[in-house]
Amino acid sequence: MQHSIKTFLVINLLVAVTLILSLSIIGNLLLDQRKQQKSLDIHLVYTGLSIASFIKHVDLQQEQKLIQRSIDHIASHANELLPYNEQDPEMARYINTQFQIWYRDELIVKSQAIPSESIANLDQTFETRSIEGSKWRIFTLPIPKKQLTIVVADNYQLYEQLENRVTRSSILIMLLSYPLLAILIWFIVDRGLKSITCINREIQNRQADFLSPIHLSHVPTEVQPFIDELNLLLTKLHDAFVREKRFTSDAAHELRTPLAALKAQVVHATQLASID
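Here is a short report on the structure shown in this document. Here the structure is a predicted model, which is why all the values come from computation and not from measurement. (Residues numbered from 1 in each chain as written. Predicted model: local features only at pLDDT ≥ 70, side-chain atom pairs only at ≥ 80, totals over all residues. Heavy atoms only, no water.)

1. Here's the deal with the packing of aromatic side chains
Two aromatic rings, taken as a pair, are described by how far apart their centres are and by the angle between their planes.
Turning to step 1, where the next piece is worked out: A complete count under the given rule lists 1 aromatic pair for this structure.
Turning to step 2, where the next piece is worked out: Between Phe 126 and Phe 139 the ring centres are 5.0 Å apart and the planes differ by 35°, which places this aromatic pair in the tilted class. Placement of the pair is Phe 126 in strand 3 (residues 126-131) and Phe 139 in strand 4 (residues 134-143), with a sequence separation of 13 residues.
Turning to step 3, where the next piece is worked out: Note on Phe 126: relative accessible area 29%, which makes it partly exposed.
Turning to step 4, where the next piece is worked out: With a relative accessible area of 6%, Phe 139 lands in the buried category. (Phe/Tyr/Trp six-rings, centres within 6.5 Å; stacked < 30°, edge-to-face > 60°. Helix = DSSP H or I, 4+ residues; strand = E, 2+ residues; numbered from the N terminus. Buried < 20%, exposed > 50% of the residue type's maximum accessible area, 1.4 Å probe, protein only.)

Put into structure tokens, the structure is as follows:
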């Protein structure tokens, strides 16, 4: 059963590229998940400290309603500045870090997309908890001097959804680029096997008695041993034909004299027979 080297290389290169890209996507996804919590924790700490630096100089109890009203308008204001968020309102609502500010056991202000009840264990600095069916990463920062507690939270599940979207997009791009990849691999393999085509053309155009060595320019290193062995075979065949031709010539020369003598004897016998 015959098979094509070109087809074999193209198919196997496509399979190899697919395998490597798939492993890369999976590896990046696993590494991102490991780094995700660390990045979220750093982000939560910086956000909590930033909020703390502001509220230390503000009387939250007196300005509570005004501050809460301003916070409630953040989402609509953000949509005005970033209009593409309107295409995904849930993403626009939850992508920003959420927070609560408590005075003793009373909720003073909170962000729009976070429940009004306490979401954190005040005895823990970091924790992961399920809130309304979603997994959240929560950071708690107490301010004892003002009897305030800042609770900052990020939707952990949302980041996983974003990663899944990126992964699906990467896979889709990979699948869409497959035809172009196949054409490029086919072209590269065809160029790589061009020397074999040249050898085939060289041999095909030769006469049966033309046994001189094959001479091609720009022969790849991998093909050169094949040409050397083929030239060695042609040389051996040429030498064999020369020896056969010499043997035939010598044999004809050796047979020429006995045949002449035999011919003379036949003629003489014929003449004697005619005289009788």
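Here the narrative resumes.
2. Structural notes on the pattern of salt bridges
Turning to step 1, where the next piece is worked out: Summed over the entire model, instances satisfying the criterion amount to 2 salt bridges.
Turning to step 2, where the next piece is worked out: The salt bridge partner of Asp 41 is Arg 137, with a shortest N-O separation of 2.8 Å. Placement of Asp 41 in helix 1 (residues 5-55) and of Arg 137 in strand 4 is noted, with a sequence separation of 96 residues between them.
Turning to step 3, where the next piece is worked out: Overall, the relative accessible area of 8% leaves Arg 137 in the buried class.
Turning to step 4, where the next piece is worked out: In this structure, Glu 127 engages Arg 129 in a salt bridge whose closest nitrogen and oxygen atoms are separated by 3.2 Å.
Turning to step 5, where the next piece is worked out: The class of Glu 127 is buried, set by a relative accessible area of 10%.
Turning to step 6, where the next piece is worked out: Owing to a relative accessible area of 30%, Arg 129 belongs among the partly exposed residues under this scheme. (Salt bridge = Lys/Arg side-chain N within 4 Å of Asp/Glu carboxyl O.)

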